[in-house]
Structure formats: C-alpha cells, structure tokens
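Chain by chain, the residues:
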There are 2 protein chains.
Amino acid sequence: MNISDLRTAHPDHWQKAAALRVLAMDAVQAANSGHPGMPMGMADVATVLFEKHLKFDASAPDWADRDRFILSAGHGSMLLYGLLYLTGYPEMTIDEIRNFRQLGSKTAGHPEYGHAPGIETTTGPLGQGLATAVGFAMAEQSMAARFGRKVVDHHTYVIAGDGCLMEGISQEAIGLAGKQKLGKLIVMWDDNGISIDGEVSLSDITDQLKRFRASGWSVFACDGHDPQAIDEAITAAKKTNSPSLIACKTHIGYGAPSKQDTNKAHGSPLGDEEIAKVREAYGWSHPPFEIPADIKSAWEEIGKRGTATRADWEAAKAALSPRRADLFDRVIKGELPSKLSSAVRKFKREMVEKLPKVATRKSSEMALEVLNSVLPETIGGSADLTGSNNTLTADLGTFDAKNRRGRYVYYGIREHGMSAAMNGMALHGGVLPYGGTFLVFTDYARGAIRLSALMGTRVVYVMTHDSIGLGEDGPTHQPVEHLAALRAIPNLNVFRPADTIETMEAWEIAAKSPTTPSVIALSRQGLPAVRTTNSNQNLVERGGYILAEAEGDRKAVLIASGSEIAIAMDARAALQEKGIGTRVVSLPCWELFAAQDENYRRKVLPRGAVRVGIEAAVNFGWERWLIGERGRAEKAAFVGMDGFGASGPIDDVYAHFGITAENVAAKVEALL
Amino acid sequence: MNISDLRTAHPDHWQKAAALRVLAMDAVQAANSGHPGMPMGMADVATVLFEKHLKFDASAPDWADRDRFILSAGHGSMLLYGLLYLTGYPEMTIDEIRNFRQLGSKTAGHPEYGHAPGIETTTGPLGQGLATAVGFAMAEQSMAARFGRKVVDHHTYVIAGDGCLMEGISQEAIGLAGKQKLGKLIVMWDDNGISIDGEVSLSDITDQLKRFRASGWSVFACDGHDPQAIDEAITAAKKTNSPSLIACKTHIGYGAPSKQDTNKAHGSPLGDEEIAKVREAYGWSHPPFEIPADIKSAWEEIGKRGTATRADWEAAKAALSPRRADLFDRVIKGELPSKLSSAVRKFKREMVEKLPKVATRKSSEMALEVLNSVLPETIGGSADLTGSNNTLTADLGTFDAKNRRGRYVYYGIREHGMSAAMNGMALHGGVLPYGGTFLVFTDYARGAIRLSALMGTRVVYVMTHDSIGLGEDGPTHQPVEHLAALRAIPNLNVFRPADTIETMEAWEIAAKSPTTPSVIALSRQGLPAVRTTNSNQNLVERGGYILAEAEGDRKAVLIASGSEIAIAMDARAALQEKGIGTRVVSLPCWELFAAQDENYRRKVLPRGAVRVGIEAAVNFGWERWLIGERGRAEKAAFVGMDGFGASGPIDDVYAHFGITAENVAAKVEALL
C-alpha cells in the first residue's frame, strides 16, 4: 500500500505509525548513526500489533502475564524505543529518545536488556531474538500448565528480518518451535527483500513460507503497510495451534524518495535533505522529537488498553490458593526455597560417607536428583546427548505438546537454539533452565552464551566430556581451548568441579546466581572423591581453596581443576614421600577466586613455594595463577596441552600428552 | 529392502556391502568404542556410490579432478576407513583398521584430515561436512570456469545424518548452495529416523525434502538398501542443475537383531553376542578383519575404475597451454607467485610516502587491491557486510551461477556457513578464500574456525569492527573477549595490525601460511600511520617488535596492538616530554611472537622497565607479556576492558573505559 492510499484509508492509523517512523528517522539523524529503514518499514505492523493485539499495560511493564514483544531485528531499536515512549512506559522519556546511541542513555544502539522496562531481551546479533522467543513461548506453556490458564495465558510476538532468517540459529529455533507446537508464538517477518549488501536475492532464494511450513508452522502473508491486512493476519495466526509466521511485505525506508527499497535506507542516517522530503511525503510538519499532543495521547490510550485485563488478572491470581500464589511469586522473582540449602548439606554429608568414584557428569546427575526434587521450576534438557550429559533425572517427564507439565526438553541437535531458548526461559521468568551438550560444542552455542553473560540470565550450561579425557572420539570432540575461551567472557562463571561434592557446590552456586549464567564443565571419566571431610560451607564459592595442605615445610603448590585434581593428589603423595611438602589447591572457578580479596588469594597461593598448574587444556590465561600477587614472580610450570588432542583410549592419551602425576612431580623437583 | 531380499536379488552387491558393514562392526567392537550403526545402515549407498558413480582412482588419491566424497556424519568414520581400505588406498591397511581409535593410528574416532589420503576433510562436529562440501563444490565451479571443463569437472558427494540437518549451519549451507545452484553437489541423507536420544520425532518434525526444495534444491528419495533405487536416485541427481538431496531411507544398525532401528546401534559396540547374530543374518562366517580374497579383489577393481579416466585427464591437462598448466599446478599446490613479495614491498614503499590515516579495514582493502591483482586464486566475500568489511576490490566480479569466473561471494548473513565453505575451498585446492564479518561474530563461526585451525587450512578471516571502537552499535557488537578466545585456539594466527603497513604485512603472512589459518582483526575507526620508515622486511612476521625506541634511559615499555598503538604512541610522547624514556612495542600477533626464540623476545621486552599493556579488550592472557621471561616479574599494569562495552560515540566510549593516553601515562608514572 502506498503512502497516499494509506493516509486516505486509515488516517488515524497513519498518524500513529508516522510518529514512530519520524522518531526513528530523526533519532538516527541526531545520533548520526543507526538504522532508520526497518522502523520506517515496520511501523504499520508494530502499530497494529500494539493497538489491536498486544496484551500489555505500559504502566506495569513487569506484569507477569503480559504478551512478550521481541524485536529480533535489533538494529531497528528505534522502533521499540518509539513504541515504549509513545505508549508511556516508565523511564522511556523523550530525552532518552533524543539521546539515542549516546553513552549512558537507555537507548543503546541495539536494545539492551535491563536498560529500560519493556526491553524484554537484548537483540542485535541476528537470529537471537527469534530463538530466544522460542524459550519465552516454552516458559509460557510450562507456567500455564503449572499455574493454570487464568494466570498464565499470553503470546510471544517477534519481529524478525531477513538476517534473522538466514542465520543458522533460525533453523534450530524454527525446528524446535515446530516440534513443540508453540501456537502462541507469532513471528512477523519484515519481508522487505533488502539486506546490507543489496537485494536478498544476491545471496538467498529461499521460499521462507515453504521452509517454515516444512517444520510445522502456519504461514500467512500480508501487505505490511495495510493495517487491515496486518490485523487479519495476526488474528488468523492467533487461532492456530502451531507457531505462525506472517510474511509482512514491506518497503524498507518507506517514504524516503531516493532510499526506499534500497540498502541505503538500512544502516545510515537518511540525511537532512532526504528527511525533509520524507516529512513532505508523510505530511508531517512537526519538528524532530515533537509529537503532537493528540497523537501522543492516542498512543497513550493504547498503553492503557491492558489496564482492565490486568486488573482481572490480579483478581485471578488472588484467587489462587495461598500455596500456589506463594510459589508463583517465588518462581517469578527467581527466588529459591530455603530447603535448598539443607538438601545440599544433607547430600554432601552423604557423599562424605559414600565417597563415590564416578565421572562428574554422573555427579551432576546426582546433584540434579536433589535439585530437581526441591526446585519445581527447573526445566532440563540436552541437545540430543541425554545419556551422555546425564541431564535427565527421574520423574521430570517430557515437555512437549502432549505434556506441558513435563520438565525435560529434547532439544535435538541444536546447541545454539537450545542456549537461546534457555535465555528466553530465564528472561520470561518462573523457570530455571539448564541444558547439556559436550563442552567442545559451546563453540556452536557461543552467540547465545555470550548473550546469557551480557544480560545476566540464570542459565546453567551442563557441559560434559570436558577434555581429552573423553578419549577415542578424538580432537574434534576434545575441548582444549574452551575453558580459556569461556573464562574470557565477562560475567560467566565457569566451573570445573573435581568430584561429586564440588559438583554439587557448583550447582548450588549456579542456582543461587540470579544475574550470572554458569557453565559447569564435567568429566566423562570416573574420578575419585577428593572432598573426604564434611564442610557445611560451600568451598567452591570462593573459587579456589586449599584441598590438601602440605605436610612439613611447604615447598610446592599444585593448582588444578576438575579431573586433574586426582593427578595433583597423586603427585602430592609421591612428593610427600620424598619429603617435599606439597599443597594442592583446587581451583574450580577462576571468576569467583579472582573476586576474593587479595589476602585470601595470597593465603591460598602463598609466596615462597614453587607452583605447578595442571589442567588438561591449553595454558592460555594460566599465568594469572602461576605468578604471585602484585606481579611478584614464583618459580612455576604448567602441565597441560599445547595443541589439539588425539584419538585414543584415555590413559594412552593422558600419557601421550604428559599429563601424569609423574610428570607433575618431576616438574616440581626440577623447579626446586 | 530386507536382508534376505537384498542378498537374493543382488548377491555381488551384498558381499561388498557386507564387507563394509562387518569391518565397521568389528573395528568398533575391537576398539570397544565407536559408532557401528551408521556404517551398517549406509553401506549400500556407499557401495553403489563407489561402484557406479564416484570418479576416483585409489592409487592416485590426490588426482585434482577426482570426485570428492565427504562423510559429514563423521561418527560413521569406519564407513570411510572401510571404503579406503577395501578399494586399496595407500596407507589405509588392515592394521590401521584393526587399530581403529587407537593412539597414533590413521583411523581416529572421527575422520581427521591429513591422517590418510582419501580423508578429504575433518568431520565429526555435525553439519560441518555438509557446509564444507558447499565450498568444495564452489571451488570446483570456480576452477572449471578458469581452466575449462576438460580439466575440472567433478562432483562433490556428501553423506549427512539427521544431526547434520538439524544443526543450524546446515541451513546456511543449504541456502548458500541453493542460491549458488551447485548442481554438482549431491547430498545423501541417511534417513534412519534415529538420533542419540531416540526417534528423531522426539525433537524434530521437519519435512526435509520440503525444506531443501524451499531453497532451490532438487530432492529425491530412495530405499537406502536397494542398490537399483540408489543408483537411479544418484543418476537422476547428477542430471539436475541444482544441488540435490537424496533421502536414503535406511535402517540404523541394519541386521542387528535387537538394536537395528534403535539408538542402541548408534554410539556403542554391539557386543559379541549381537555381533554373532549379525554374522548369521549376513551369512558372513569370516573372522574379524579378514575379507575373502574375491570380495577384496572386487572392491579393488572399483578402486581402479578411474584409471582410464585419469589417464584421459592427464592428457587433457597436458594439452593446456604451458602458461595455464603452470598456473593450474601452482594454485593446486597452493604456491604463490614470486611477484607477490615485490608487489608487497612496492606497496609498503608507497605507504611510507603517503602515510594514510585510515581505518585498518580500509588498509585491508588497499592490501587486497594489491593481492587480488597478483593472485588470481583469491576468492573473497563477506557475510552481508561488504561495505563494512571492505572485502570487495575492483574487477573481482560476482561469483554466482551466471558468472563462475567471478571472485566475490555474497555469502549472505551466514558467518558459520561462509567459514565452513572457505574451509572446503581451501581443502579443494586451487583457490585462496577470504571472507569478512564483524569480529564479534566469530562467535557464530567458531565451529568452522576451529576446524580451520585443526586441519590447517589456508583461510583468511577478515574481521572488522574489532573493539569498542565501533562505537554506537554497543555491547552486542563490540568484541571484548574475542581476541582472547581466538588466541586460545591452537594453530590460528590472530593478527591485529596497527596501520596500513602492518595490515599488508599481516595479509602477506596469511597468504604465505599454507597450513595455518589467519584472523585479521581490523578497526572501524581511522588510525594514524605508525610505520613511517620503510622496511623491506616483514616486521609483523616476528609477531612483536620495537615500534618506537625510548629516548634516553628506558624506564617504560608500552605493549599494544591495533588501534591502541596510537594511544601508546601518544602516551610515549607525553612521557618522553617528562623525561621518562618509553619504548613502544607493537604486538600484532601473539602466536608469532611466542614462536620467536627467547633472546629475541627478551630483546623486545627487556627487564628493568615497567610495562603497560594496552588493548581495548579484556586482559585475559595478557599476563604472558606483562611478566618477564622465565617467570621473573616486572612491575606492570594493563589498560583495557574488564567487562562488556557500551553504546556511544567512539571518543566517549574510550574515555569512559579509561583507554586513553593520559591514563596510560599515569599508570606508568604510578608504577615508577
């Protein structure tokens, strides 16, 4: 639909949509940076969605049963900011819009979760919003099954662009959503035929409707500038039992005389001259950042549309039994029951009795048996490695269209999609997601893991087969650089526990970290119990601690994590036998150890003893612990990997790479 | 088709396929580790392919015009090893088969490129083989256009499993291949309906035929145990002008009485009892690793099928003009013309005259103008960021179905697929691929980047927008941990050049590294020229070097890379003005610097001066350069990031995070 037809046929709609368009165009121009084309193209769709369909109350952005609106095409952030400003969300003032893309503003270049209410998730890396939305929709279904449709019954709407659909993660999201029959997930595709390099056909000829249909989606198409057609498409999509794609045929940079329908409208300011012409085409004479009162007030009415529904919802929630209401509030807030701590302590006491010699992936399963029974909010899963990741515990049940009370998701071979979905679940609230794959395949999921860290979602990555210790599968499956690569990510706790008790402690910290995601790296191979005396205190919480003190004069400190703790302990025994006092420090979490005060770190890693670091991984980053505090050096060495692994039985592989107690002891003796 | 029908109808085929099956089953059992189900299921398809279609000569595995056979479902490695052994490839002896999955054998758990002739690429991480195959097929088309169909005319065949098709990277590969109309790419999907967790339908309901068709593929289906049906499907696929998918309906663990069609056949030995029953069902009475002479000899005849064709090919190649023949040989060997070095030196001389103040992404474009004109084998591209990555130079032409002589690929928004395709091109030989995206999106491509490093492919990753210096796009687009995460990968050169000359030197090293892939991290923002005097020597080759010597007593050493070199130089000027002798060390490539001898490193980073490291990235790993050699400490500090970035204009962002010359100078003064 062209502008004059649209203005004539739908004058009220036109004014509201034009306000969105102009705000985006002007904010990008003022910032001299940004993406005007998408908001100008999708303003009609967004206006119809907010005016006719989205269940929300701008005055209560945290309303648990609101519809979620996810801008997967995050570069079009001004569309979202404009909607939040116009409908009257708190914090999204016109000054924030004026300060678009300025340091310290809430209006970052791409939507940043936590910057302002109404930003449901961080987007920008393409495809993430779409894949995260799948998690939102899954969490909604899970919560609805647990608490009833009267208190949980909302849609998840997504605006996605061609980039989102071309990224591989989109297929994982589409496949997962299709299998899960997420009928309340509705994706509006900004079908403008333009990508940064030019026409989409330069790189893709995919028939997206056919592609989505192949995975069980309902598909619709509409003129993305015709309010009635948009309304009909959304209405139809809401009626299906499968997830829906609506192809919204739009013009990027709608109304920009020389840039519409070209990549020039995508990622740069239009320029003053073009903007003047757009104003003319729009019949919009108001200066930048000034929205006429009647238009603003019409938008604010939209912002209040949900008030009555929310009141009904409050009543429905008040009608829940006190026990259910308390549980609802607890899980929505992400709080944990007090019985968790006592259950963990009980488990640890038992383990000190039993001293199980098991792989830490098995330890993780044992920990999960405890956690999953105490925490009904956990939703576990695996990217098709359930039996290897040990992520499934008894009585969870399979989460699928037939059983929304199930708490275990068969994610399929979709590490990236799983991780993004877990972000969505955590952001939705009410659930605590964890999911497994092999540690090496964090490479496949890294785009989403980074967003977990950036947003601070409580997601637990259960990453088994954490070293060359997996043996015969060989270098493609043996992580060597992954611990370092994950430790480099800010705000991500990377745990590598040594035995069952450390594993439980890592899990406890992960569950109790509301704003930090966790990776728990776990062994395939069996490991001896090294925590042989009970401690009610969570020792992993300090990141590193003295596991075994030197007997006699302390001459050496061995620092290790996970499966190499057993090697360190064996080396210590051999060294002590020779009269060399040797301390073993367990370092299961660098991030937490680094966060301790210097006194504690110096107590654990004292001066005046030689140090040997031991980890079946590359030494990248290990210098941090092998030098002293304040840059004062110790004699030190590292026993680990300096390249990729090899295929072979575990003992052969460890021996081949020299990661043995004998080698550790020899290094200590050579340093002394 | 069931076993008895198959044995009756196709007795010769049966014996050959049974040999493959039994070898796989027995080798996995002997190793007590591995995946028997896939080879047992796909043996019929592989037998027909090798017997009737694959153009190869086992005695000449490097024949440049051979068909490529890619086992994307790499866990079924015994299928490949069995084929190589039976057809008589050099090096693949029965002893290697006996030593399946043993340390030092050529028969690793997953196929490892370089272990033995006939292993065209490393597979195992699912989807990689399929996506890599797209690059093989693109390279074939490019080479055919350049050298003619008489010397380049071959197919790329892939065996892919459900896992390959569920991974997101598969969609990127399918989309790219469909757009590129790679008619000689034929994917045989092991459609057995089983994944590790159970039935595929547990996690996916995708109609794969429809999905592939949506991206322009031709699709076929056949009974994967019926030799005639398989033959017909492959024959039909070869006739199309689009890439082809053949859904081969198979039984995983074909013939295993209690495990066929279940996930129990996938990833563990069948066990002696089950194996005995399989032998019975197969009518196979021979002991493990003994193939009757007639069957072996029938397979060896297959291995010789291509001899005559290869002789014809040798003749055709001999008929090329000497100039073209020399060029063909040079590019297939991956050798570079001698004029490259002189062109680089000439460029550097010019730059010392011009001292351009440009972003290093622009410097990279300038370097590429030189390289692309001297090296006709380069094939560039970008994941839809051409104008931002500056990867397109004049006269390259667009590589697509209409113009196979084009040397620029519009990869679309497919970082992972692009990277895997570049691996395939490099492995195919004859081309030197490079491709661009933003550095932050190496996260999306990491699965393939890791394989570049593991295989040692000559691939150049042109990664622009390499820090918070990109400004307003904000933390989702600002890499902070990516340099560290990439430096942690073995056998990957990570360059971060400071100006145009360093950028050209990095490019020269990348082109001249036959077995090491390169990442070149490049700035969005303009940077001053810091290499102001000419050096014919490539200074980046040593990884780090003295860029500016201290005047007077050397009290401080500033160590920086890329865009922070300018800050270091400013800090040096301020410090020198105060009489503090300050050296600036440029450290554009850690890996190359670490590979220098200790004397050189100590010369560049001497004792007795305070050190400040400067990089707009997290400090993870920086301790390596901030302590002295042999663990002897220096007073040191780091100026950089300790968390995620922020959206804002570049100067504001740098100031906000304290990455300024003033701050560097202050750190030095505080340390002194």
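Since the model is a prediction, treat every value here as computed from it, not as a measurement.

*Asks:* Hey, could you run me through the overall build of chain A in this one?
*Replies:* When you go through chain A residue by residue, the secondary structure sums to 27 helices and 20 strands. The C-alpha radius of gyration computed for chain A amounts to 28 Å, which stays within 12% of the reference 26 Å derived for 672 residues, consistent with globular compactness. Across its three principal axes, chain A shows a C-alpha extent of roughly 95 × 55 × 45 Å. When the 672 residues of chain A are sorted by exposure, 70% land in the buried category. Residue pairs in contact within chain A that sit at least 24 positions apart in sequence constitute 79% of those at least 6 positions apart. Put simply, chain A has 73 plus and 80 minus side-chain charges, and the middle of one group is 5 Å from the middle of the other.

*Asks:* Hey, could you run me through the domain arrangement of chain A in this one?
*Replies:* Interface size is commonly expressed as the accessible area that is lost once the parts come together. Residues and elements named next belong to chain A. Per the domain assignment, the segments of chain A are domain 1 (3-310), domain 2 (338-521) and domain 3 (542-670). In this structure, domain 1 and domain 2 have C-alpha centres spaced 33 Å apart. Counting from both sides, the interface comprises 27 residues of domain 1 and, opposite them, 29 residues of domain 2. In total, domain 1 and domain 2 occlude about 2600 Å² of area from one another, counting both sides; carbon and sulfur atoms represent 63% of this. On the domain 1 side of the contact with domain 2, R146, E172 and Q180 bury the most area, a combined 22% of that side's loss. Taken together, the connections running from domain 1 to domain 2 amount to zero salt bridges. Taken together, the connections running from domain 1 to domain 2 amount to 11 residue pairs in polar contact (both at pLDDT 80 or more). Elements with a minimum of two residues in the side of domain 1 that touches domain 2: α6 (128-147) and α8 (168-179). It is α6 that contributes the most residues to the side of domain 1 that touches domain 2, 13 residues altogether.

*Asks:* Please explain the UniProt feature "binding site: substrate" (unreviewed entry) in chain A as it appears in this structure.
*Replies:* What UniProt calls "binding site: substrate" (unreviewed entry) maps, in this numbering, to H35, H266, R361, S388, H465, D473, H477 and R524 of chain A. These annotated residues cover 490 residues of sequence, and their C-alpha atoms sit far apart, with the largest distance between any two at 47.9 Å. Mapping H35 of chain A onto the fold places it in the loop between α2 (11-31) and α3 (37-53). Taking the relative accessible area as the measure of exposure, H35 of chain A reaches 11% and is therefore buried. Setting aside residues no more than four positions away along its own chain, H35 of chain A makes contact with V28, H75, G76, R101, H266 and G267 of chain A together with D473 of chain B. Looking at H35 of chain A, its side chain comes within polar contact range of the side chain of R101 of chain A, at 3.5 Å. Mapped onto the elements of the fold, H266 of chain A is located in the loop between β7 (244-249) and α11 (272-282). Discounting residues that sit within four places of it in the chain, H266 of chain A has contacts with G34, H35, P36, G37, H75, I196 and I252 of chain A.

*Asks:* Whenever I open this one, empty space enclosed by the protein confuses me. Can you help?
*Replies:* Empty space among the atoms becomes apparent when a probe as large as a water molecule is rolled across them. Under the counting rule described, the total for this entry stands at 12 cavities of 30 Å³ or more. Roughly 120 Å³ of volume is contained in the largest cavity. Along the walls of the largest cavity sit E167, G168, I169, E172, H416 and Y444 of chain A together with E167, G168, I169, E172, H416 and Y444 of chain B, which together make up its complete lining. In the lining of the largest cavity, the residues fall into four nonpolar, four polar and four charged. Space inside the second largest cavity adds up to approximately 80 Å³. In terms of lining, the second largest cavity is formed by F50, L54, F56, P61, R66, D67, F69, L80, L84, Y89, G118 and E120 of chain A. A per-class count over the lining of the second largest cavity returns eight nonpolar, one polar and three charged.

*Asks:* Which parts of the structure should I look at to understand unusual backbone geometry?
*Replies:* For residues that are not glycine, phi is negative in most cases, and the peptide bond is trans in most cases. Residue and element names in this part refer to chain B. With a phi angle near 65 degrees, D261 is a residue other than glycine that sits in the positive phi range. The residue D261 is located in the loop between β7 (244-249) and α11 (272-282) in this model. Its relative accessible area of 34% is what places D261 among the partly exposed residues. The phi dihedral of N390 is positive, around 55 degrees, even though this residue is not glycine. Mapped onto the fold, N390 is located in the loop between α17 (386-389) and β10 (408-410). Residue classification places N390 among the buried residues on the basis of a relative accessible area of 11%.

*Asks:* For this particular structure, what's the right way to read the side chain of T240 of chain B?
*Replies:* Residue and element names in this part refer to chain B. One can find T240 in the loop between α10 (227-239) and β7. One polar contact links the side chain of T240 to the main-chain carbonyl oxygen of A237, over a distance of 3.1 Å. Residues within four places of T240 in sequence aside, it is in contact with G183, S218 and F220.

*Asks:* What's the story with the interface of chain B and chain A in this structure? I'm lost.
*Replies:* Counting residues at the interface gives 101 residues for chain B and 101 residues for chain A. When chain B packs against chain A, the two sides together hide about 8100 Å² of surface, and 60% of this comes from carbon and sulfur. On the chain B side of the interface with chain A, the three residues burying the most area are L103, R450 and F620 of chain B, jointly 10% of the side's total. Our count for the chain B to chain A interface comes out at 10 salt bridges. The partner of D204 of chain B in a salt bridge is R414 of chain A, with the nearest N and O atoms 2.7 Å apart. In this assembly, chain B and chain A are joined by 48 residue pairs in polar contact (both at pLDDT 80 or more). Here the side of chain B that touches chain A takes eight residues from helix α19 (residues 442-455) of chain B, the largest share from any one element. Grouping the amino acids of the side of chain B that touches chain A by side-chain chemistry returns 38 nonpolar, 37 polar and 26 charged.

*Asks:* Looking at this structure, how should I read the state of the cysteines?
*Replies:* Think of a disulfide as a covalent bridge from one cysteine sulfur atom to another cysteine sulfur atom. Evaluated as defined, the whole model comprises zero disulfides over all chains. C248 of chain B forms no disulfide, and the closest cysteine sulfur to it belongs to C222 of chain B, at a distance of 4.1 Å.

*Asks:* Whenever I open this one, α6 of chain A confuses me. Can you help?
*Replies:* Three- or four-residue spacings in an α-helix give side chains the same orientation, since the helix completes a turn every 3.6 residues. Residues and elements named next belong to chain A. With 20 residues, α6 extends 28 Å between its outermost C-alpha atoms, agreeing within 8% with the 28 Å of an ideal straight helix rising 1.5 Å per residue. Within α6, 19 of the 20 residues are buried, leaving the element largely enclosed by the surrounding structure. A positive backbone phi angle near 95 degrees is found at G148, which sits one or two residues after α6.

*Asks:* What exactly am I supposed to notice about helix α14 (residues 322-333) of chain A here?
*Replies:* Residue and element names in this part refer to chain A. With 12 residues, α14 should cover 16 Å at 1.5 Å per step; its first-to-last C-alpha distance of 16 Å lies within 8% of that length. On its buried face, α14 sits against α6 and α13 (307-318). Of the residues one or two after α14, G334 is the one with positive phi, at around 75 degrees.

*Asks:* What should I look at first to understand the sheet that holds strand β2 (residues 156-160) of chain A in this one?
*Replies:* Pairing between sheet strands relies on hydrogen bonds along the backbone, with the strands arranged either parallel or antiparallel. All names here are of chain A. One open sheet holds the five strands; their spatial order is β1-β2-β3-β7-β6, and the pairing between them is parallel. With one partner strand each, in any of the chains shown, β1 (68-71) and β6 (218-223) form the two edges of the open sheet. Each adjacent strand pair in this sheet contributes to an overall mean axis angle of 20 degrees, direction not counted. Strands β1, β2 and β3 (185-191) of the sheet are contacted by α6, whose axis makes an angle of about 175 degrees with β2.

*Asks:* What am I meant to see in the relation of the copies chain B and chain A here?
*Replies:* Note that the two copies of the chain are related through a rotation about an axis and a translation along the same axis. Expressed as a screw transformation, the operator carrying chain B onto chain A has a rotation angle of 180 degrees and an axial translation of 0.0 Å, and the superposed copies differ by an RMSD of 0.0 Å. In short, the pair behaves as if placed about a two-fold rotation axis. Taken as a fraction of all interface residues of chain B, those also at the interface in chain A reach 100%, which identifies the copy contact as same-surface.

*Asks:* I tried to follow the UniProt feature "binding site: Mg(2+)" (unreviewed entry) in chain A on my own but got confused; where do I start?
*Replies:* All names here are of chain A. With numbering aligned to this structure, UniProt lists the feature "binding site: Mg(2+)" (unreviewed entry) at D162, N192 and I194. Spanning 33 residues, the named residues form one tight spatial group whose C-alpha atoms are at most 7.9 Å apart. Note on placement: D162 falls in helix α7 (residues 162-166). On the basis of relative accessible area, D162 is assigned to the buried category, the value being 9%. Among residues more than four places away in sequence, those in contact with D162 are W189, D190, N192, G193, I194 and V200.

*Asks:* Would you mind going over the nonpolar core with me for this structure?
*Replies:* Nonpolar side chains tend to gather and get buried jointly when the protein is soluble and globular. One finds L185 and I614 of chain A together with L185 and I614 of chain B to be the most contacted residues of the largest nonpolar core, which totals 256 residues. The next biggest cluster of nonpolar side chains, apart from the first, holds 70 residues, and it includes V45, L86, A233 and I275 of chain B.

*Asks:* Hey, could you run me through the pattern of salt bridges in this one?
*Replies:* Opposite charge on two side chains permits them to pair, given that their charged atoms come into close proximity. With the rule as written, the count across this model stands at 74 salt bridges over all chains. Measuring nitrogen to oxygen at the nearest pair gives 2.8 Å for the salt bridge that ties R310 of chain B to D57 of chain B. Taken together, the residues span a long stretch of sequence, with R310 of chain B in helix α13 (residues 307-318) and D57 of chain B in the loop between α3 (37-53) and β1 (68-71) at a distance of 253 residues. One salt bridge in this structure joins E598 of chain B and R602 of chain B, with 3.3 Å as the shortest N-O distance. With E598 of chain B and R602 of chain B both in helix α24 (residues 598-604) and four residues apart, this pair spans about one turn of that helix. A relative accessible area of 25% means that E598 of chain B is categorised as partly exposed. In this structure, a network of salt bridges that share partners links the residues E140, R149, D153 and K184 of chain A.

Calculation notes
- Residues numbered from 1 in each chain as written.
- Chains lettered and ligands numbered in written order.
- Predicted model: local features only at pLDDT ≥ 70, side-chain atom pairs only at ≥ 80, totals over all residues.
- Heavy atoms only, no water.
- Helix = DSSP H or I, 4+ residues; strand = E, 2+ residues; numbered from the N terminus.
- Rg over C-alpha atoms; globule rule 2.2 N^0.38 Å.
- Buried < 20%, exposed > 50% of the residue type's maximum accessible area, 1.4 Å probe, protein only.
- Contact = heavy atoms within 4.5 Å.
- Lys, Arg positive; Asp, Glu negative; His and termini not counted.
- Charge placed at Lys NZ, Arg CZ, Asp CG, Glu CD.
- Domains from an automatic or database assignment.
- Buried area = accessible area lost by both parts, 1.4 Å probe.
- Salt bridge = Lys/Arg side-chain N within 4 Å of Asp/Glu carboxyl O.
- Polar contact = N/O pair within 3.5 Å; in protein donor to acceptor, adjacent residues only side chain to side chain.
- UniProt positions renumbered as here; feature names shortened; annotations may be inferred.
- 1 Å grid on protein atoms, 1.4 Å probe; cavity = no way out; pocket = protein on both sides within 12 Å on 5 of 7 lines; lining within 4 Å.
- Points joined across faces, edges and corners; volume = space filled by probe spheres on them.
- Nonpolar A, V, L, I, M, F, W, Y, C, P; charged D, E, K, R; others polar.
- Disulfide = S-S within 2.5 Å.
- Expected span 1.5 Å × (residues − 1).
- Pairing = 2+ DSSP bridges.
- Axes fitted to C-alpha atoms, helices over the stretch in contact; angles between N-to-C directions.
- Least-squares fit on C-alpha atoms with pLDDT ≥ 70 in both.
- Core = buried A, V, L, I, M, F, W, Y, C linked by side-chain atoms within 4.5 Å.

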